[in-house]
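# A look at the structure
What follows is the residue order along each chain.
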Amino acid sequence: QVQFVESGGGLVQPGGSLRLSCVASTNIFRIINMGWYRRAPGKQRELVAHITNGGGSNYADSVKGRFTISRDNAKKTVYLQMNSLKPEDTAVYYCNFPMTPQDRWGQGTQVTVSS
């Protein structure tokens, strides 16, 4: 299974921005689709954005227009640029395969939006 290592989270005020990164340990990164998930306290994990191997992207309604997913195949890295952050974006963020994630998850990165 692929190892995912997420980073870039932190504490930010409402309206602020963060950029998350996820490095995937696989030699076939360029041909796989990737997704960003989050798990908020007391809620189930949800897929918030995904990007295809061709660069096409899709977003959950709750983040559309505020978050942007991108990838760098040479670095085996997927990014999540988060702008106009809201308190309800507070969660642990993970990357994995979209729709059918593997059982092995990374440690995630905590994002806290609070004044």
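The coordinates are above.
Quantities reported herein were computed from a predicted structural model and do not represent experimental measurements.

Criteria and thresholds
- Residues numbered from 1 in each chain as written.
- Predicted model: local features only at pLDDT ≥ 70, side-chain atom pairs only at ≥ 80, totals over all residues.
- Heavy atoms only, no water.
- Core = buried A, V, L, I, M, F, W, Y, C linked by side-chain atoms within 4.5 Å.
- Buried < 20%, exposed > 50% of the residue type's maximum accessible area, 1.4 Å probe, protein only.
- Helix = DSSP H or I, 4+ residues; strand = E, 2+ residues; numbered from the N terminus.
- Pairing = 2+ DSSP bridges.

## With respect to the nonpolar core
- If you look at the biggest cluster of nonpolar residues, it comprises 29 residues, and the most contacted ones within it are Met-34, Trp-36, Ile-69, Val-78, Leu-80, Met-82 and Tyr-93.
- Put simply, the parts of the chain that give this core at least two residues each are strand 3 (18-24), strand 4 (34-39), strand 5 (46-51), strand 7 (67-72), strand 8 (77-82), strand 9 (91-96) and strand 10 (109-113).

## Concerning the pairing of strand 3
- For strand 3, the buried fraction is high: five of the seven residues fall into the buried class.
- By the bridge criterion, four bridges tie strand 1 (residues 4-7) to strand 3 in an arrangement that is antiparallel. The residue of strand 3 that forms the bridge with Glu-6 is Cys-22.
- Examined bridge by bridge, strand 3 and strand 8 share six bridges and lie antiparallel to one another. Following the sheet pairing, Ser-21 is matched in strand 8 by Tyr-79.

## Thoughts on unusual backbone geometry
- Of note in the backbone geometry, Lys-76 takes a positive phi value of approximately 55° without being a glycine.
- Within the secondary structure, Lys-76 is located in the loop between strand 7 and strand 8.
- Phi is positive for Met-99, close to 70°, though the residue is something other than glycine.
- You can see Met-99 is positioned in the loop between strand 9 and strand 10.
- With relative accessibility at 60%, the residue Met-99 sits in the exposed group.

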